[in-house]
Each structure stands twice: as C-alpha cells, then as structure tokens.
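Coordinate analysis (summary)
One-letter residues, chain by chain:
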Amino acid sequence: MTFNELNLSKRIVDAITKAGYKEPSPIQEQAIPLMMEGRDLIACAQTGTGKTAAFALPVLNMLDNESRPHPRALVLTPTRELAIQILENFKKYGRYMRLHTVCFYGGAKQGPQIGAYERGCDVLVATPGRLLDYMNQGIVSLRDIEIFILDEADRMLDMGFIHDIRKVVAEIPEERQTVMFSATMPKEIEALAKDILHDPESIKIAPTTSPAETVDQKICFLEKDNKKIVLSDFLKQDNVKKSIIFTRTKHGADHLVRDLGKLGIESMAIHGNKTQGQRQNALERFRSGNIKVLIATDVASRGIDIPKISHVFNYDLPVETESYIHRIGRAGRAGETGESITLCSKDEMGLLYDIEKMMQKEIPELETELSVSIERVQRGERRRFGRAVAAAKASAKEDRFSFKKKEEKLRKLKNQKKASQKKTGFEKFYKKNGDIFEEATKAFEKKQKNHSGKKIKEETGKKKEHKRRAS
Ligand code: AMP
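Note that this is a predicted model, so its numbers are computed, not measured.

1. Notes on the overall build of the protein chain
Helix and strand counts for the protein chain stand at 16 helices and 13 strands. Considering only contacts within the protein chain whose residues lie at least 6 apart along the sequence, 77% involve residues at least 24 apart.

2. Examining the packing of helix H2 (residues 26-36) against helix H3 (residues 51-63)
Axis separation between H2 and H3 bottoms out at 9 Å; the angle between their running directions is 25°. Between H2 and H3, the angle falls in the class roughly parallel. Judged by the sense of rotation from one axis to the other, the crossing of H2 with H3 is right-handed. Taken together, the residues of H3 that come into contact with H2 (itself represented by Ile27, Gln28, Ala31, Ile32, Met35 and Met36) are Lys51, Ala53, Ala54, Phe55, Leu57, Pro58 and Asn61.

3. Details of the packing of H3 against helix H4 (residues 80-93)
The interhelical angle for the contact between H3 and H4, taken along N-to-C directions, is 50°, at an axis separation of 10 Å. One element, H3, and the other, H4, form an angle in the oblique class. The hand of the H3/H4 crossing is right-handed. Counted together, Thr52, Ala53, Ala56, Leu57 and Leu60 of H3 and Ile86, Asn89, Phe90 and Tyr93 of H4 form the full contact between these two elements. In the contact of H3 with H4, the residues fall into seven nonpolar, two polar and no charged.

4. Thoughts on helix H14 (residues 321-328)
The element H14 is extensively covered by neighbouring structure, given that six of its eight residues are classed as buried. By the burial criterion, the buried members of H14 are Ser323, Tyr324, Ile325, His326, Arg327 and Ile328.

5. So, the site of the ligand
In the region of the ligand, 13 residues are neighbours, and Tyr21, Ser25, Gly50, Thr52 and Ala53 sit closest. In the shell around the ligand, the residues fall into three nonpolar, eight polar and two charged.

6. Here we look at the environment of Ile205
With respect to the helices, strands and loops of the structure, Ile205 is situated in the loop between strand S7 (201-204) and strand S8 (215-221). Along the backbone, Ile205 and Pro26 are 179 residues apart, and their C-alpha atoms lie at a distance of 7.4 Å. In contact with Ile205, not counting residues within four places along its chain, are Pro26, Ile27, Cys44, Ala45 and Thr49.

7. Notes on the sheet that holds strand S2 (residues 73-76)
Judged by pairing direction, the sheet is parallel, and its seven strands sit side by side in the order S3-S4-S2-S5-S6-S1-S7 without closing on themselves. On the outer flanks of this sheet lie strand S3 (101-104) and S7, each paired with one strand and no other. Pairs of neighbouring strands in the sheet enclose a mean axial angle of 15°, with direction left out of account. Pairing analysis gives four bridges linking S2 to strand S5 (residues 147-150), with the strands arranged parallel. Looking at the pairing, Leu76 lines up with Leu150 of S5. With respect to the sheet, H2 is in contact with strand S1 (41-44), strand S6 (177-181) and S7, its orientation differing from that of S1 by roughly 170°.

8. A few points about the pairing of S8
For S8, the buried fraction is high: five of the seven residues fall into the buried class. One ladder, built from seven bridges, connects S8 with strand S13 (residues 338-344); its direction is parallel. Its bridge partner lying in S13, Lys218 is registered against Ile341.

9. Things to note about the nonpolar core
Ranked by size, the top nonpolar core spans 66 residues in total, and within it Leu60, Tyr93 and Val125 carry the most contacts. A per-element tally of this core places H3 first, with eight residues. What Leu60 contacts, discounting residues up to four positions off in sequence, is Ile12, Tyr93, Gly94, Met97 and Leu99. If you look at the next biggest cluster of nonpolar residues, it comprises 38 residues, including Phe286, Ile341, Leu343 and Leu352.

10. Some words on the sheet that holds strand S9 (residues 243-246)
Pairing in this open sheet of six strands is parallel, and the strands run S8-S13-S12-S9-S11-S10 from one edge to the other. Both edges of this open sheet fall to S8 and strand S10 (267-270), since each of them pairs with a single strand only. Adjacent strand axes in the sheet meet at a mean angle of 20°, parallel and antiparallel pairs treated alike. Two strands pair when backbone bridges link them, and S9 and strand S12 (residues 311-314) are joined in this way by four bridges, in the parallel orientation. Note that in S12 the partner of Phe246 across the bridge is Asn314. Each of S9, S10 and strand S11 (293-296) is contacted by helix H11 (residues 250-262), which is oriented at about 175° to S10, the strand it contacts most.

Rules used throughout
Residues numbered from 1 in each chain as written. Predicted model: local features only at pLDDT ≥ 70, side-chain atom pairs only at ≥ 80, totals over all residues. Helix = DSSP H or I, 4+ residues; strand = E, 2+ residues; numbered from the N terminus. Contact = placed C-beta atoms within 7 Å. Axes fitted to C-alpha atoms, helices over the stretch in contact; angles between N-to-C directions. Parallel < 35°, antiparallel > 145°, perpendicular 65-115°, else oblique. Left-handed = near helix turned anticlockwise from the far one by under 90°. Nonpolar A, V, L, I, M, F, W, Y, C, P; charged D, E, K, R; others polar. Buried ≥ 20, exposed ≤ 12 C-beta atoms within 10 Å, placed from the backbone. Near = placed C-beta within 6 Å. Pairing = 2+ DSSP bridges. Core = buried A, V, L, I, M, F, W, Y, C linked by C-beta atoms within 7 Å.

Below is the structure:
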C-alpha cells in the first residue's frame, strides 16, 4: 500500500514524502482508513510502530486546512517529552497547511504556552495536569473538540492520571470521535474505554519480535560485580560515539551515573523519579552531543526518538522480553548501523533464554578479559532460573510502587496547600467583614438556643402529661 492510496490530501502526502516515509507502517495502514471513516478506535500498539502518524495524518486531513477560533482536535499524552514529540510530528506532517498545533505541559512557564494558544490553536496536544490547570483558570475551551486522542492510556494509569482524564473528557462534547492507544489493556483501561468510546473498532499490532537488521548484537557473559568496569572500558572506546545504557531500576540508573562518574565518564539518567525539567535537560544535552552517555529505564525511555545512537548497552537484561527489541532498536535508526552489547550475569540466564526464544536466534558472544564461561540455559533448566526472573519482576514492581507512593504524597501536599489557601481566604474575608460576621453568628446561636429551649420545654411538658395520665 502507498500513502496515495489512503486518500490523504496532497499537502499531507507531500509532507510525508519530504519526511522520507516510503510506505505506511501496519498501524498506519489499518488505523488511517478507519479514522477517516469517523470510527472510534482502540489500538494496541507500542511506540516505534509509527502510531503518532497513524493518528496525526487523519486528524490533519479531517481538519481540512480550516483554522477556527477554538481547537478541534485534542491529544492527551502522559509526559512532556511525548507531548513535545507529538507536537513536532504534527508540525512536520502539517508543514504545507495553515493549521496551528499548540502544546501544554507542566514544568514550564505558562506565558509562552498561553500566548501560543491565543494566537490560534487547531490541534491541542497536552498532558492532563497542565490542561486541567488551564481549564480551571478558564483559559482553554474544549467545546469545539471533534476528535479526541488518548495516547499511551496504560501509562496514564500507571502515572495516576486516570481521574484527570475523566475530568477532561467531561468537558468535551459527547458527539466526537475518540481514539485510544494503549500498549497493554489492564481492566481499568478497558473500563475507561467502555465509558468514553462509542462502538469502537479495535486494532492490535503485535509487538516486534525481530530486531532491526541494522543493529549488530553482542552478548558478554560476566560476573555481576564486573559489569561496571567492563562497561566503562567499552564506553572509552573511540567508536562508541553516543550510547544509551538501560538499567532495570531507577536506583540502578542513579548508582550507575555515580559509579561511571568515579571512573571518569560523564553521564545523565532519565527515569520516573526525575522531574520533567531534569529529564528534558538530560535529553537535550544528549541530543546535542553535550553528553555522550544517557542512562535510562525502560518506562522513561518509551517513545523517545533520538537519532544517531551508535551503541545500546543492556546493563541489566529486561524483564519484559519485548523491551529488548525496543531497547536495541534505539541504535541503527534511519538506515545507520549501530551496535548493541548486553552484559549478562549468571542469574539473568532465564531472561536471556526468553529473549533468544522470542527472536529464534542466539546472540553472538563478545569475549572480554573478564568474560566467564556460562552455558546457555536449556529448555528443561529454565525452571531453575524462575526465581531470578521473579526477583527481577518484583524489583521492577517495587519501583513502580514507590512512584505511586510519591504521587500519593504529592497529592496530599497539594490538598493541604489548597486547604491552607482556603483558610487564608476566610481570614481575609473575616478581617474585612468581621463585625457583620460576628453579629450574624450571635443571631444564629441565639436562634438555635431559643429553638432548643422551646423543644426541651415541649418535651418535658409531654412527659409530665404522660406521667399524669399514667397515675
Ligand atoms: P512513533 O511510533 O510514532 O513514535 O514513530 C517512530 C518513528 O518512526 C519516528 O521516528 C517516525 O518518524 C518514524 N515513522 C513513522 N511512520 C513512518 C513510516 N511510514 N515510514 C518510515 N518511518 C516512519
């Protein structure tokens, strides 16, 4: 299939051609015609499948190059990085159109965002918190939204945004087209889908199980304690120009930054415990070549598109098997070649077994001075490593849990702040209207006293009467 066969306007096809896309990806082939028919859609697809263009192209096509006073399309996405990436994609695909795309996200000044919105906004891309904030301030109107895209719904759930989403949805006209993307379908997301989608079509794009051919994969078998030193030796080689290192946990990422620093290698980490500003700063410095080494967890790196990465290192093997493909796919993008080096210790052999089984191939070994000889796990032995896999899964879960706890704490603090603001509001009111307030309170108390006095009299009267009759 070609982009021409998708009935997209010439302006859009020209922009896609300029972007260098030759043919639609499977998700684009399936989603674009359905969206152009006006159908609601639920799509199980991960980042890297071309899902942004899958919704952005039909949205631009449907807006038909006609700018109006209020936004007609809304894209909700969980993080600032994704919001910026989606904005850039809309700009890229809409380069020959008059439409305006505006982006709202937290951790940045309001002024420029509001300024851009007021100059004209046809497509609004936003993170839920900041959008709600502007809605509460009466800055944004969603009354003309015709198409609503909910991106990475499962991640929104993980980050505690589900209530915010429902609040936003309540402000969008019921008569709209809704499209939801989610890599996984936990039951909360299924329930949300039931509430916000109308008779949806569903699409499922199987996660990629074979890696890009432009990535040369290698594996080193090592003692766990030697991983750091071997990694630092690799990072000091001349051909290692720009690399991402994946760790399983956030703490692991922070420790590695510190330990590599001691070995003279500057790096930065991105993970869920970093603020948006810190993450953005690390990404910008990495993109611009200011730092050569970025350390990331799987969730934080999801959806981040950085070109020209020469090496991907798996410092820990991923627990989710498909993550291996996503991780190494960061190198060797856009026709360039890249290399992936996985550092594997004995307790990770079960995870390696799963990865190699999925790819149906063995990753070639790269020997170093500190290599140890480890036999690959055979089918029957897989169970022996079940414990290691379970432990790894538990530690990943713990990381997610601590994030939720932090969110909870933040929410509590926000509520406390709101309560104290309310109190100061009352104090101000009291200072101004203290006399009237006191008068009113006294009058109220008097009335209440009289009322209860009357009631007591009535009741004792009744009791006396009752006694008299009884005797
Ligand atoms: P996404 O899954 O939307 O984050 O897209 C992943 C990467 O694929 C981005 O760098 C896109 O620019 C690129 N891309 C999207 N659609 C196509 C296509 N049809 N052909 C080639 N590259 C594409």
